[in-house]
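Structural overview
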Amino acid sequence: MSTEAIQSRRDWLLSERPASRMQARLGRAYVAWRRFSANRLAFVGLLIILALLVVAAFADVLAPYSPTIGDLKNARLLAPSAAHWFGTDDLGRDIYSRIIYGSRWTLYVVILVAIIAAPVGLLVGTVAGYAGGWTDAILMRITDIFLAFPKLVLALAFVAALGPGIENAVLAIAITSWPPYARIARAETLTVRNSDYIKAVQLMGASPFRIVLRHIMPLCISSLIIRVTLDMAGIILTAAGLGFLGLGAQPPLPEWGTMIASGRRFILDQWWVAGAPGFAILIVSLGFNLLGDGLRDALDPRSGDQ
Amino acid sequence: MSGKTSTLLEVEDLRVNFPTRIGQVQAVRGVSFSLGRERLGIVGESGSGKSQTGRAIMGLTPPQAQVTARTLAFDGIDLLAAPARERRALRGKRIAMILQDPKYSLDPVMSIGRQIVETLRTHEKVGKAEARDRALAMLEAVQIRDPSRVFDLHPHEVSGGMGQRAMIAMMLIAGPEMMIADEPTSALDVTVQLDVLGILDRLVSERGMGLIFISHDLRLVSSFCDRVIVMYAGKVVEQLKASELRDAQHPYTRGLLNCMPRIGFERHPLPVLDRKPEWAV
Amino acid sequence: MSVAENQATAGRGSARATAILSSIGRFLVIAITTYLGLLAVTFFIGRVIPIDPVLAVLGDRAPTAVVERTRREMGLDLPLIEQFYIYVKNALNGDFGTSVLTTNPVMTDIRRAFPATIELATLGTLIGAIIGVPLGVLAAVRRGSLIDQVARIIGLIGYSVPVFWLGLLGLVLFYAKLRWVAFPARLDVVYEYTFTPITGFYLLDAAMQGQWDVFYDAFRHIVLPASLLGYLSLAYISRMTRSFMLNELGQEYIVAARAKGLSETRIIWGHALRNAAVPMVTVIALSYANLLEGSVLTETVFSWPGIGLYITNSLQNADMNAVLGGTIAIGSVFIAINLLSDLLYRLLDPRTKAG
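Residues numbered from 1 in each chain as written. Chains lettered and ligands numbered in written order. Predicted model: local features only at pLDDT ≥ 70, side-chain atom pairs only at ≥ 80, totals over all residues.

Chain C has the name Peptide ABC transporter permease in an unreviewed UniProt entry, where Mesorhizobium helmanticense is given as its organism. As stated in UniProt under Sequence similarities (unreviewed entry), the record for chain C gives "Belongs to the binding-protein-dependent transport system permease family." Per UniProt, chain C has the following entry under Subcellular location (unreviewed entry): "Cell membrane". (UniProt positions renumbered as here; feature names shortened; annotations may be inferred.)

An unreviewed UniProt entry annotates chain A as D,D-dipeptide ABC transporter permease originating from Mesorhizobium helmanticense. Quoted verbatim from the Sequence similarities (unreviewed entry) field of UniProt, the annotation for chain A is "Belongs to the binding-protein-dependent transport system permease family. OppBC subfamily." Recorded under Subcellular location (unreviewed entry), the UniProt text for chain A is reproduced unchanged: "Cell membrane".

Dropping the structure here:
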């Protein structure tokens, strides 16, 4: 392909007067991608998250040892070496393998929280915004009340009542993380609520249920995705914190926070037992933070400086 | 330096460029004029480069902007060669600037009096009490009735007209010889505009200052200034005496003139401003 | 000034008074509903989620007679709404029941533990603000420079690091290896018995009594956890300062200040930061509230006998009254700080001040 053709395609994408909605959309996506990929740190974030996905998917292949069965007799608390890259823990298990398997639990928590909390927030926000009046006032008051709570402490109390375990930890985190999504969804709903095309749909006799579901919710998705990505790191840290306090995943699950908790006893002499999983948490949350920042800057140029 | 007294500012081939992702944007492309102790109007539509010309003279263009000129001299001082410190000492002291909207150009969390005193004490060694007295006198000079009350008010507590008078007081207190007024009345109510212009007019002539009056309003400029420069796409397209405006040659100026409504004339069809690309060359 | 302008100012004055009254009213409604909401949630956690709340409070080894008595004492035979009414009444009186673990009323335990948490969080916020604000200002002023990049990375790591893990590493390095700080506790055992606190803030108490050896010891214990919390708060504060400053530096009044001939130092610190300071107050207050919450994990790592450690210890022992009491305590302060920062914002901004 000639450089001229590339040039003209670029011009087509960057055209100030797009001829079709498709061209406008592609053009916007192109500009967003250019801005995103120009941000090196955001790119690093994307790579970290992709690596996390690959590691989680191929954990069986990548891990040299079993994550749960260790060699109690010969391999207790070994320092990092060629055989055990990150050393071994008190039960003789290879920490490197446990971290690889642990990536699955991290993803499990993050994804579950997102698919529970985001739709709840979306529903509350769009219904409040579309219905208005008392419904709006009451729903938003509840949202604000939850926003005013200390998240981690509340999650702790929930898990204390529900009983420890990774599912309950997910539930507790989800309960405390939906309010910001509701606020975003409501704000987006308010901007489109009185627009002509919603009126047109109303005139055609669509039910409020259908309008909210088919015409308002899709519009809130993109800003919600940015916010969820930015929240991922916080979710990971809260889950790890719960695990560290013995309320999240229970041993022998190779969840990173739980691993730090069990390595705590040996921290002074065998620092790697708690050190390695903490480092994994740091890298992955950093990845989500970089990615989220990059996405926000790329999709919302106004906040680029912030 | 007696020869210099007639010319305050000498501008020759002034250019302001902004490097952007899609290449250089040339905001000002070779503007030349000189200013004595007179009123010079710069007229043009938005984007014509008139504001950037004013800011380049002040040295207030954004950091990424590139300013070049064959000559840019104020009272014999080469502004582009002058160190930042010297230029800063000139600003407020000898060259001042009035911005468009007092709602945004006054610091919202500082009282009006303190903002005026601040200009004075930056440039002169003055005691607190004397600075206050002079600020109050300045407020009176811009026809604010109750200076001691307004002195302690915050910008949000006064009207736009009073805010702009405070702005004028703030910029004139150190006694500058030259003033750039960038659309000083565009953000004000029509009834207040004339008051503020009157104050500006009186102070400029009393103090024998040079004034560059930047505006998009050709009629206002022609009634207020001695000379008018018409800018289009970063260039000066015409330079003439305000009294000779009716004899303007350039089609763009004529277009601007034709856009102005006149009582008793039929306005059908409504004239539209003609913009020919060859004028921008 | 014209008569019309005078009248307009007077009209604005009375409108402002109404606005202030209505914002106080709004403030009270928000404060009350939020606090009731907190109680409703803890009530729900304590009474509704557990299949048998008595079991949750007493554990499963309690004799039947005690279980029956407690059931009646807790009012579990009453309808749920009436139970909630009693619960709220008790909570407002500071009665959160008795801790199974310490056998004290939960409120007594909380009173004892709270100063430790406040001391830690206050010191942490101070560190965060003292370093974070100038760092954010510099990052905004020299945007894109090395210092901006460094500030950004420091901030990002602060947002991404598990605080308990960083605390553990800190202990390994500064306590075990370098011996710069003291072991995890509030004071050395020697002083635990000889020192009588007045306010419960040990640094302050020791200084007031002139016991500088105790002060030094307390400092050696608090410095690491406080720096850790300080780092978290620095990450947040510097990032927000940068963003507020960038916003202010782009305003027209900055151009006007330059046109007046002010020095950059004066423009940055005297004008831009003064304007940014108004929202910064909210940020610092929020960061303080977050540190109170962050204390749960930090106190656990550093055996710091504050409310966070109290909650986690109670958790390990399924002491539900204590957990919920601690949650309400932290929650109340958290809510109070949130609301107060909002109020403070209104007071500090001259645009909303009555004048």
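Okay, back to it.
Quick look at the interface of chain B and chain C
Every contact between the two is made by 29 residues of chain B and, on the other side, 22 residues of chain C. Counting only elements with at least two residues in the side of chain B that touches chain C, the list comes to helix 2 (84-90), strand 7 (95-98), helix 3 (102-105), helix 4 (112-123) and helix 7 (160-172) of chain B. The greatest single-element share of the side of chain B that touches chain C, amounting to four residues, is contributed by helix 4 of chain B. Taken together, the residues of the side of chain B that touches chain C sort by class into 13 nonpolar, eight polar and eight charged. (Contact = placed C-beta atoms within 7 Å. Helix = DSSP H or I, 4+ residues; strand = E, 2+ residues; numbered from the N terminus. Nonpolar A, V, L, I, M, F, W, Y, C, P; charged D, E, K, R; others polar.)

Quick look at the confidence of the model for chain A
Averaged over every residue, the pLDDT of chain A is 85; residues scoring 70 or more account for 96%. With pLDDT under 50 throughout, residues 302-306 of chain A is counted as low confidence; its partners more than four residues away or in other chains account for five contacts. (pLDDT = per-residue confidence, 0-100.)

Quick word on the sheet that holds strand 7 of chain B
Residues and elements named next belong to chain B. Ordered by their spatial adjacency, six strands build an open sheet running 7-8-9-3-10-11, and the pairing between neighbours is mixed. Strands at the two margins of the open sheet, each flanked by one partner only, are strand 7 and strand 11 (235-241). Ignoring which end each strand starts from, the neighbouring axes of this sheet average 15° apart. Pairing analysis gives five bridges linking strand 3 (residues 39-43) to strand 9 (residues 210-215), with the strands arranged parallel. Residue pairing in the sheet places Arg39 in a bridge with Leu211 of strand 9. (Pairing = 2+ DSSP bridges. Axes fitted to C-alpha atoms, helices over the stretch in contact; angles between N-to-C directions.)

Things to note about the pairing of strand 8 (residues 178-182) of chain B
Residue and element names in this part refer to chain B. In terms of burial, strand 8 is a largely internal element, five of the five residues being buried. With four bridges connecting them, strand 7 and strand 8 associate as parallel partners. Counted as the bridge partner of Met97 is Ile180 from strand 8. Across five bridges, strand 8 lies against strand 9 in parallel orientation. Looking at the pairing, Met179 lines up with Leu211 of strand 9. (Buried ≥ 20, exposed ≤ 12 C-beta atoms within 10 Å, placed from the backbone.)

Section: the UniProt feature "transmembrane region" (unreviewed entry) in chain A
Residue and element names in this part refer to chain A. UniProt marks residues 41-63, 105-131, 152-177, 225-250 and 270-292 with the feature "transmembrane region" (unreviewed entry), using the numbering shown here. The distance from the first to the last C-alpha atom of residues 41-63 is 28 Å, and the span holds 91% helix and 0% strand. In the segment residues 225-250, helix accounts for 77% and strand for 0%; the C-alpha atoms at its two ends are 30 Å apart.

Side note on the UniProt feature "domain: ABC transmembrane type-1" (unreviewed entry) in chain C
Mapped onto the present numbering, the UniProt feature "domain: ABC transmembrane type-1" (unreviewed entry) falls on residues 114-345 of chain C. End-to-end, the C-alpha atoms of residues 114-345 of chain C are 26 Å apart, and along that stretch the chain is 82% helix and 0% strand.

Remarks on the domain arrangement of chain C
Residue and element names in this part refer to chain C. Its domain assignment divides chain C into domain 1 (14-92) and domain 2 (106-354). Taking only C-alpha atoms into account, the centre of domain 1 sits 30 Å from that of domain 2. Between domain 1 and domain 2, the contact holds 17 residues from the first and 13 residues from the second. Mapped by element, the contributors of at least two residues to the side of domain 1 that touches domain 2 are helix 1 (3-48) and helix 2 (53-58). Here the side of domain 1 that touches domain 2 gets 13 residues from one element, more than from any other, and that element is helix 1. Class assignment for the residues of the side of domain 1 that touches domain 2 results in eleven nonpolar, five polar and one charged. (Domains from an automatic or database assignment.)

Notes on the nonpolar core
In this structure, Leu156, Ala157 and Ile236 of chain A together with Ala169 and Met179 of chain B are the most contacted members of the largest nonpolar core, which totals 257 residues. Built from parts of two domains, this core gets at least three residues from each of domain 1 (14-92) and domain 2 (106-354) of chain C. For Ala169 of chain B, the contacting residues outside a window of four places in its chain are Ile116, Met138, Leu139 and Val142 of chain B. (Core = buried A, V, L, I, M, F, W, Y, C linked by C-beta atoms within 7 Å.)

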